[in-house]
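Residues per chain are reported as follows:
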Amino acid sequence: MTVVFSEPLPPIAPEVPRQAPAFIDVDLLRRTLPAGRHRFHVCGPAVMMESLVPALSAWGVPATDILFEAFGPATVRSPLAPAVARPATPLPVRFRTSGRTIDWTGDDASLLDLAERSGIVIEAGCRAGSCGSCETRLLSGTIDYPKVPDFAVSAGHCLLCVATPATPIEIDA
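Residues numbered from 1 in each chain as written. Predicted model: local features only at pLDDT ≥ 70, side-chain atom pairs only at ≥ 80, totals over all residues. Heavy atoms only, no water.

Asks: Please clarify how the side chain of E170 should be interpreted in this entry.
Replies: Counting through the fold element by element, E170 comes out in strand β9 (residues 169-171). Here the side chain of E170 touches R96 through a polar contact of 2.9 Å, side chain to side chain. Not counting residues within four places of it along the chain, the set of residues in contact with E170 comprises R94, R96, R137, L138, L139 and S140. (Helix = DSSP H or I, 4+ residues; strand = E, 2+ residues; numbered from the N terminus. Polar contact = N/O pair within 3.5 Å; in protein donor to acceptor, adjacent residues only side chain to side chain. Contact = heavy atoms within 4.5 Å.)

Asks: Would you mind going over the pattern of salt bridges with me for this structure?
Replies: Pairing between side chains of opposite charge can happen when their charged atoms approach one another. Applying the stated criterion to the full structure yields six salt bridges. Of the charged contacts in the structure, one is a salt bridge between R37 and D65, with a shortest N-O distance of 2.4 Å. Here R37 is found in the loop between α1 (26-32) and β1 (40-42), whereas its partner D65 is found in the loop between α2 (46-58) and β2 (66-68), with 28 residues between them in sequence. Since its relative accessible area comes to 5%, D65 is described here as buried. Residue R86 is joined to D107 by a salt bridge in which the shortest nitrogen-to-oxygen separation is 2.6 Å. Remark: D107 occurs in the loop between β4 (100-104) and α3 (111-117) and R86 occurs in the loop between β2 and β3 (91-95); sequence separation between them is 21 residues. For D107, a relative accessible area of 54% gives the class exposed. (Salt bridge = Lys/Arg side-chain N within 4 Å of Asp/Glu carboxyl O. Buried < 20%, exposed > 50% of the residue type's maximum accessible area, 1.4 Å probe, protein only.)

Asks: How should the sheet that holds strand β7 (residues 157-159) be read in this particular structure?
Replies: Pairing between the strands of a sheet comes from backbone hydrogen bonds, and it takes one of two forms, parallel or antiparallel. The mixed open sheet is built from five strands, whose spatial order is β4-β3-β9-β5-β7. The sheet is open, and its two edges are formed by β4 and β7, each paired on a single side. With strand direction ignored, the average angle separating the axes of adjacent strands in the sheet is 35 degrees. In this structure, strand β5 (residues 135-140) lies alongside β7, joined through three bridges in antiparallel fashion. Looking at the pairing, T136 lines up with C158 of β7. (Pairing = 2+ DSSP bridges. Axes fitted to C-alpha atoms, helices over the stretch in contact; angles between N-to-C directions.)

Asks: Is there a simple way to think about the side chain of S110 in this case?
Replies: In this structure, S110 sits in the loop between β4 and α3. S110 gets classed as buried once you look at its relative accessible area, which sits at 2%. In contact with S110, other than residues within four places in its own chain, are W104, L160, C161, V162, A163 and T164.

Asks: Please explain the packing of aromatic side chains as it appears in this structure.
Replies: Any aromatic ring pair is given by two values, namely how distant the centres are and how the planes are angled relative to each other. For the structure on display, the rule yields one aromatic pair. Between F40 and W59, the aromatic rings sit 6.3 Å apart at their centres with planes inclined by 55 degrees, giving tilted as the arrangement. Of this pair, F40 sits in strand β1 while W59 sits in the loop between α2 and β2; the two residues are 19 residues apart in sequence, bridging distant segments of the chain. Here W59 falls in the partly exposed class, since its relative accessible area comes to 31%. (Phe/Tyr/Trp six-rings, centres within 6.5 Å; stacked < 30°, edge-to-face > 60°.)

Asks: Just checking my understanding: could you explain a nonpolar patch on the surface for this structure?
Replies: On the surface, a nonpolar cluster with roughly 360 Å² of combined accessible area is contributed by M1, V3 and F5. On the secondary structure map, M1 appears in the segment before α1. Accessibility expressed as a relative area gives 97% for M1, which makes it exposed. (Patch = residues over 30% accessible without salt bridge, like charges linked within 9 Å, V, L, I, M, F, W, Y side chains within 5 Å. Areas by Shrake-Rupley, 256 points an atom, 1.4 Å probe, with all protein chains shown as cover.)

As far as function goes, none of this settles anything; it's purely spatial.
Next comes the structure, spelled out in structure tokens:
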């Protein structure tokens, strides 16, 4: 186990040394991991994710071996993620429960990001299409998944954390 703190705390006991300030980076991984192929699950502060994910790719780690997620409204888009298509004209997204309609312009990484930016609270966990906690009923329209989710989505539903609208849509949120 390697402990890394960007802002280390004082030692909790004399026998526990104070850690030097550091971030997880490829140099640290090269020094601490045994030789061989590894899968990486990157989750942390935006500054770490924005530097580590491209560095892993530059190191030669296949995109399929780099899992990337963020928690909360401070989502960071992975540089390895597929580009979000911008519609020719804004697509209305109707949030039925919230009683709001917001135009999708392609500026957000997902419908969940659009909702959160607009103050609509939606339960979400992994933000990567794996856990299903943001599964929401799709009432009308069609959606796209720039990245196919790992979670088996129920018929007539969508995962807001990885979905984008392909047409005007209405969702039960």
